[in-house]
Amino acid sequence: MRIDVLTLFPDMFTSVLGCSILKRAADPELHQAKAQGSCDPPVSYHLTDIRDFANDKHNKVDKPPYGGGPGMVIQCQPVYDAVINTEALDPRPATRILMTPQGRTLDQKLVQELAAMPRLLIIAGHYEGIDERVIEKLDPMEISIGDYVLSGGELPAMILIDSVVRLQAGVLGDETSADFESFSPGAEGLLDCAHYTRPSEWMDMKVPDILLSGNHGKIDTWRHEQSRKRTQLRRPDLLKESE
Ligand code: SAM
């Protein structure tokens with residue numbers, strides 16, 4: 001999968017994309033070593049600075065809003081040129097995404113849909129947002145990470161990228177580990193059960209006996225029950241959805 005991000009602040013992505021699972025997912029050397037056919041890593045990241053497409057001699061891409069009011073609005077032309085130029089860099093069709101608090105809320109179902117795409121092109125807004133006319137012209141999928149407002153679309157874009165990349169084949173160490181997490185098909189859309197590790201007793205608190213029994217059939221049944229109980233307690237709405 002190719003992931004393009006169009007932003008005014010590409011530096012914000014350096015540490016997030018350069019660490020841990022997101023870094024490994026795009027590391028050609030690591031995947032070459034493990035390769036069984038293709039040696040391409042599961043993902044590649046490409047950051048485009050919208051400012052590089054400014055027509056303004058000071059590289060400014062924002063102007064005050066028509067009609068007055070606070071803040072600045074990102075202009076149409078640099079965003080449009082950045083999208084068209086970036087798309088032309090690769091023949092794979094890009095799913096255009098605009099991060100906005102006014103979009104469809106990101107959930108695991110949407111993450112799974114996006115994870116199946118060959119290429120995502122994510123536009124991160126800033127200030128008061130982006131001139132509405134270029135949004136109409138580009139017609140992106142509008143995605144929100146929740147009902148609150150952040151200063152920019154960079155953090156939302158990183159959240160979306162992380163959620164999608166960990167579902168790519170070969171990214172997580174244990175191939176099935178994403179299948180049984182909260183909201184996933186393997187967990188029937190419910191919350192994950194509680195997890196424990198060594199020591200078996202800590203501050204007078206014991207790990208449930210069943211987990212030490214070695215009986216994997218019974219452990220699976222127990223985990224499933226725990227998952228249902230937890231969901232009933234914390235997110236009963238998910239139980240209704242799974243019925
Ligand atoms: N004026 C906009 C409104 O009230 O709907 C908010 C603009 S916000 C300050 C600036 C940018 O941050 C947005 O263009 C968007 O890209 C990003 N953003 C803020 N909150 C977001 C959220 N919950 N989900 C996705 N993107 C968000």
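Here the structure is a predicted model, which means the values were calculated and not measured.

Student: Before we move on, can you summarise the overall build of the protein chain with the specific residues and values?
Tutor: Of regular secondary structure, the protein chain possesses nine helices and nine strands. Taken over 243 residues, the protein chain has a buried fraction of 37%. Here the contacts in the protein chain between residues at least 6 apart in sequence split such that 70% fall between residues at least 24 apart. Total accessible area computed for the protein chain in this model is approximately 14,500 Å², and 52% of it derives from carbon and sulfur atoms. Side-chain charges of the protein chain comprise 26 positive and 37 negative groups, with the mean position of each set lying 2 Å from the other.

Student: Pulling in residues and values, what's your account of the packing of helix H5 (residues 108-115) against helix H7 (residues 154-165)?
Tutor: Two numbers describe how H5 lies on H7: the axes approach to 9 Å, and their chain directions differ by 70°. Between H5 and H7, the angle falls in the class roughly perpendicular. The residues of H7 that touch H5, namely those facing Val111, Leu114 and Ala115, are Leu160, Ser163 and Val164. Residues that form the contact of H5 with H7 fall into these classes: five nonpolar, one polar and no charged.

Student: Could you give an account of unusual backbone geometry, with specific residues and numbers?
Tutor: Geometrically, the link from Arg198 to Pro199 is a cis peptide bond, its omega value of 0° lying close to zero. Residue position: Pro199 is located in the loop between H7 and strand E8 (201-202). In this structure, Asn59 takes a positive phi of about 65° despite not being glycine. With respect to the helices and strands, Asn59 occurs in the loop between strand E2 (44-49) and strand E3 (62-63). A positive phi angle, close to 50°, is found at Met203, a residue other than glycine. By the secondary structure assignment, Met203 is in the loop between E8 and strand E9 (205-206).

Student: Could you give an account of the site of the ligand, with specific residues and numbers?
Tutor: Surveying the vicinity of the ligand reveals 20 residues, the closest of which are Met99, Gln102, Gly125, Glu128 and Tyr148. Within the backbone of Gly125, one N or O atom sits 3.0 Å away from an oxygen atom of the ligand. A distance of 3.4 Å is found between an oxygen atom of the ligand and a backbone nitrogen or oxygen belonging to Gly153. Bound to the protein, the ligand loses 84% of the 590 Å² it would expose on its own. For the shell around the ligand, the elements supplying multiple residues, two or more each, are strand E5 (95-105) and strand E7 (141-144). A total of four residues in the shell around the ligand trace back to one element, the largest contributor, which is E5.

Student: For H7, give the residues involved together with the corresponding values.
Tutor: The first and last C-alpha atoms of H7 sit 16 Å apart over 12 residues, in line with the 16 Å expected at 1.5 Å per residue. When you tally the buried positions in H7, you get nine out of 12 residues, the bulk of the element. Every buried residue of H7 is accounted for by Glu154, Pro156, Ala157, Met158, Leu160, Ile161, Ser163, Val164 and Val165.

Student: An account of the domain arrangement of the protein chain is requested, with residue identities and associated values reported.
Tutor: Once the domains are mapped, the protein chain shows domain 1 (2-165) and domain 2 (177-242). Averaged C-alpha coordinates put domain 1 and domain 2 at centres separated by 35 Å.

Student: Outline the nonpolar core, supporting the account with residue identities and numerical values.
Tutor: If you look at soluble globular proteins, the nonpolar side chains tend to sit buried side by side. Counting residues in each nonpolar core, the largest one holds 29 residues, and the members touching the most others are Tyr45, Leu114, Ile122, Leu160, Ile161 and Val165. Looking at this core, the elements with two or more residues in it are strand E1 (2-7), helix H2 (20-25), E5, H5, strand E6 (119-124) and H7. The greatest single-element share of this core, amounting to six residues, is contributed by H7. Ignoring anything within four residues of it in the chain, the contact list for Ile161 reads Ile3, Val5, Phe13, Leu17, Leu22, Tyr45 and Ile122. Listed in part, the 17 residues of the second largest apolar core include Leu6, Val79, Leu98 and Val134.

Rules used in this analysis
- Residues numbered from 1 in each chain as written.
- Predicted model: local features only at pLDDT ≥ 70, side-chain atom pairs only at ≥ 80, totals over all residues.
- Heavy atoms only, no water.
- Helix = DSSP H or I, 4+ residues; strand = E, 2+ residues; numbered from the N terminus.
- Buried < 20%, exposed > 50% of the residue type's maximum accessible area, 1.4 Å probe, protein only.
- Contact = heavy atoms within 4.5 Å.
- Areas by Shrake-Rupley, 256 points an atom, 1.4 Å probe, with all protein chains shown as cover.
- Lys, Arg positive; Asp, Glu negative; His and termini not counted.
- Charge placed at Lys NZ, Arg CZ, Asp CG, Glu CD.
- Axes fitted to C-alpha atoms, helices over the stretch in contact; angles between N-to-C directions.
- Parallel < 35°, antiparallel > 145°, perpendicular 65-115°, else oblique.
- Nonpolar A, V, L, I, M, F, W, Y, C, P; charged D, E, K, R; others polar.
- Near = heavy atom within 4 Å.
- Polar contact = N/O pair within 3.5 Å; in protein donor to acceptor, adjacent residues only side chain to side chain.
- Expected span 1.5 Å × (residues − 1).
- Domains from an automatic or database assignment.
- Core = buried A, V, L, I, M, F, W, Y, C linked by side-chain atoms within 4.5 Å.

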